[in-house]
Amino acid sequence: MFDSSTYHIWHGLSPMADFFRLSDPEMFLVGGSGCHVTDRSGRRYLDARSSMWNVTLGYSCEPVKEAMRRQLDVLPSGTVMRYEHPAEVAARYAAALAGVLPEPLRQIRFGNTGSQMTEAAVMLSRFHRRMTGEPGRQHVVAVHGSYHGTGPLASALTGEEFLHDLCGPIDTHVGYAQTPPAESCEGSVQNCSCVRPVLDVIDSIGAEQVTAVILEPVIGSYVLSPRGHYLESLVAQCRARGIHFIADEVTTGAGRTGRMTLSERLPEPPDMIVLGKGLSAGYFPLAALAVAQPLYDELADSGHRVGFPNGSTTDGHPIGMAAGLAVLDVLTAPGFLEGVRRTGEHLRGLIMDVLGDRDEVRGVRGEGLMLGVDLAYPDGTPWSVGDTNQLRLVCRDHGLLTSFTRGVLPLLPPLVITDDECAELVDRLGAALLEFRKRTEG
Ligand code: PMP
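Attention in this report is confined to the structure presented alongside it. In this text the structure is predicted, and so the values were computed from the model without any measurement. Residue positions are given per chain, counted from 1 along the sequence in the order it is written. Given that this is a predicted model, residues contribute local features only at a pLDDT of at least 70 and side-chain atom pairs are listed and counted only at 80 or more, while totals for whole chains, interfaces and linings are drawn from all residues. Only hydrogens and water are removed before side-chain values are computed, so all heavy atoms of the structure are retained for them.

The subject of this paragraph is helix α9 (residues 230-240). Three exposure classes are used, based on accessible area relative to the maximum for each residue type with a 1.4 Å probe and protein chains only: buried under 20%, partly exposed in between, and exposed over 50%. Helix and strand definitions here come from DSSP, where helices need a minimum of 4 consecutive H or I residues and strands a minimum of 2 consecutive E residues; each element is numbered from the N-terminal end. Of all the residues in α9, the buried ones are Y230, L231, S233, L234, V235, Q237 and C238. Two residues qualify as a contact provided that any one of their heavy atoms is within 4.5 Å of a heavy atom in the partner residue. Residues of α9 that are buried make contact with β5 (139-143), α8 (196-205), β7 (210-215) and β8 (244-248).

This brings us to the environment of T405. The residue T405 is located in the loop between β13 (400-401) and β14 (408-411) in this model. The class for T405 is buried, based on a relative accessible area of 16%. With 17 residues separating them along the chain, T405 and T388 place their C-alpha atoms 6.5 Å apart.

So, about the side chain of R392. Position of R392 among the secondary structure elements: in helix α13 (residues 385-397). Two residue types count as positive, namely Lys and Arg, and two as negative, namely Asp and Glu; His and chain ends fall outside the count. Here a salt bridge means any side-chain nitrogen of Lys or Arg lying within 4 Å of a carboxyl oxygen belonging to Asp or Glu. D18 is the oppositely charged side chain nearest to the buried, salt-bridge-free R392, at an N-O distance of 7.4 Å. Contact partners of R392, with chain neighbours within four places excluded, come to R49, T402, S403, F404 and L409.

Once that is clear, we can look at the site of the ligand. Around the ligand, the structure places T113, G114, S115, Y147, H148, G149, E216, D248, V250, T251 and K277. One nitrogen or oxygen atom from the main chain of G114 is found 2.8 Å from an oxygen atom belonging to the ligand. Residue burial considers only the protein chains on display, and all accessible areas are found by Shrake-Rupley using a 1.4 Å probe. Considering the ligand on its own, with 390 Å² of exposed area, one finds that the protein chains cover 81% of that surface. Each residue is assigned to one class: nonpolar for Ala, Val, Leu, Ile, Met, Phe, Trp, Tyr, Cys and Pro, charged for Asp, Glu, Lys and Arg, and polar for all the others, Gly among them. Residues belonging to the shell around the ligand are distributed by class as follows: two nonpolar, six polar and three charged. We define proximity as follows: a residue is near a molecule or strand when any one of its heavy atoms falls within 4 Å of that partner. In protein, a polar contact requires one atom able to donate a hydrogen and another able to accept it; more generally it is a pair of N or O atoms within 3.5 Å, and residues adjacent in sequence count only if both atoms are side-chain atoms.

Attention now goes to the side chain of H128. Within the secondary structure, H128 sits in helix α5 (residues 114-131). According to the relative accessible area criterion, H128 is buried, its value standing at 3%. In this view, H128 contacts H244, L295, E298 and L299; residues no more than four positions away in its chain are not counted.

Assignment of secondary structure puts R358 in the loop between α12 (336-355) and β11 (361-367). The spatial distance from the C-alpha of R358 to the C-alpha of G430 is 9.4 Å, given a sequence separation of 72 residues. Every residue in contact with R358, bar those within four places of it in the chain, is listed here: L433, L434 and R437.

Our focus in this paragraph is the pattern of salt bridges. Tallying each qualifying case throughout the model produces 26 salt bridges. Note that D419 is salt-bridged to R342, the shortest N-O span being 3.1 Å. Separated by 77 residues along the polypeptide, D419 in helix α14 (residues 419-441) and R342 in helix α12 bring together distant segments of the chain. D419 gets classed as partly exposed once you look at its relative accessible area, which sits at 35%. Judged by relative accessible area, R342 falls into the partly exposed class, the value being 45%.

Most peptide bonds adopt trans geometry, and most residues besides glycine take a negative phi value. Here the amide bond leading from E103 into P104 is cis, since omega sits at -5°, within 30 degrees of zero. P169 follows G168 through a cis peptide bond whose omega is 0°. Its location among the elements puts P169 in the loop between α7 (161-166) and β6 (174-177). The backbone of W53 shows a phi angle near 70°, a positive value even though the residue is not glycine. You can see W53 is positioned in helix α2 (residues 50-53).

Ring pairs shown here join Phe, Tyr and Trp side chains whose ring centres sit within 6.5 Å, with only the six-membered ring taken for Trp; geometry is labelled stacked below 30 degrees between planes, edge-to-face above 60, and tilted in between. Within this structure, the stated rule accounts for five aromatic pairs. Ring geometry for Y7 and F28: centres 5.5 Å apart, planes at 85°, overall edge-to-face. One end of the pair, Y7, is in the segment before α1 (16-22); the other, F28, is in the loop between α1 and β1 (29-33), and 21 residues separate them in sequence. Among the residues examined, Y7 registers a relative accessible area of 23% and is labelled partly exposed. Of the residues examined, F28 reaches a relative accessible area of 22% and is grouped as partly exposed. Judged by centre distance (5.2 Å) and plane angle (10°), the ring pair of Y93 and F110 falls under stacked. Taken together, the positions of Y93 in helix α4 (residues 88-100) and F110 in strand β4 (residues 105-111) put the pair 17 residues apart, joining distant regions of the chain. Across the pair, exposure class does not vary: Y93 and F110 are buried alike. An aromatic cluster of at least three residues, connected via ring pairs, comprises Y377, W383 and F436.

With that settled, consider the sheet that holds β7. Two strands qualify as a pair provided DSSP detects at least 2 bridges between them. One open sheet accounts for seven strands, arranged β4-β10-β9-β8-β7-β5-β6; its pairing is mixed. Looking at strand neighbours, the two that pair on one side only are β4 and β6, the edges of this open sheet. Each strand axis lies, on average, 20° off the axis of its neighbour in the sheet, ignoring direction. Two strands pair when backbone bridges link them, and β7 and β8 are joined in this way by four bridges, in the parallel orientation. Opposite V213, over in β8, you have F245 as the bridge partner. Lying on the sheet, α8 is in contact with β5, β6 and β7; it crosses β6 at an angle near 150°. In this analysis, axes come from line fits to C-alpha atoms, helices being fitted only over the stretch in contact, and the angle between any two N-to-C directions falls in the range 0 to 180 degrees.

Spelled out as structure tokens, the structure:
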């Protein structure tokens with residue numbers, strides 16, 4: 001019998017009752033190889049969610065494992081939290097990471113989770129205001145439907161209001177704008193009407209009281225890419241109002257979309273970029289905050305004598321740094337990121353070729369290997385969260401691990417997925433869709 005008196009692991013985010021109802025100790029994972037994982041019963045699954053969207057290089061990336069093993073022998077622990085002795089590998093990794101980010105994102109703070117780093121970004125923005133004579137700027141603007149992690153500040157940044165009430169009080173200085181539209185608007189960069197809802201929220205707070213806007217370049221939960229000039233227009237409008245623009249690239253960064261970051265496509269770069277997940281290919285808890293050099297310099301020039309009060313014991317942990325350096329080597333190898341973009345297009349095409357004539361499949365959204373299958377009822381309304389989760393469970397029964405949200409089945413397999421594995425993914429998804437229909441009609 002599987003219950004909390006025999007198993008003591010407390011599962012994150014899933015309701016407790018669901019975990020015991022839907023899981024089974026035989027499903028606990030014991031192995032991983034390439035793009036597949038194996039559970040206790042010996043069953044193999046194609047992991048089309050890369051654990052939690054982070055195992056970007058699959059489970060067998062030998063260069064990353066080797067770098068971590070070597071580091072373990074030399075200096076197995078360390079910190080950048082305080083004092084004058086960061087691990088030398090942390091400085092090397094910071095320089096390497098800064099070297100692949102858009103100018104002028106040149107100063108890197110390390111942490112362990114995306115939540116920690118989105119909070120750090122907003123805290124840094126506020127700290128900067130205090131140190132440079134604008135203490136009135138405290139508010140942040142985020143968008144509905146976004147995800148920026150959990151924590152008293154990170155949960156507030158996450159634009160899913162049902163999360164806000166459950167563990168409050170949370171930070172109250174966050175305003176929410178309408179989710180970016182999926183369709184392009186007509187306007188130019190200077191005059192793009194899509195960003196009007198964000199500007200309205202800024203105006204309602206008072207622009208001189210807003211310190212930052214935070215946004216995912218692809219809103220992960222719905223795999224929603226703002227179209228047209230949305231992003232560049234938003235950066236320009238923030239800059240015109242003296243507001244920091246924070247790009248949360250925890251999911252989109254480190255190769256997931258076939259680029260190191262999506263921010264590199266912007267004519268004006270963000271003031272901060274948050275990275276996580278794929279930075280270490282999920283082999284170590286690792287996240288980072290990249291800060292624009294001018295912002296850093298303004299802080300340095302402000303002559304303040306206090307440190308930025310933010311950090312944790314294992315920030316800049318040498319094993320994570322070694323993993324990050326080895327992952328960067330893989331991502332920057334000639335042709336690797338182009339290959340991710342090609343595989344993404346291949347998988348998108350295959351899904352539409354094989355499953356596109358099913359009436360519930362309305363299309364595939366996303367960038368690179370951050371894809372989402374759009375699911376709709378005959379009248380065109382998106383599938384409910386319940387039905388989409390049910391399909392996820394049928395996929396699981398067919399040996400395919402996916403995520404789910406309302407009306408979208410996100411597919412974020414490891415970036416090293418082969419064409420044969422793409423075919424396997426689509427086969428398993430097709431079988432699951434058939435069975436789902438049989439179960440609901442039967
Ligand atoms: N920001 C984004 C865009 C994310 O996708 C996530 C994780 N899904 C986070 C922040 C939080 O990261 P973590 O789970 O590592 O705290």
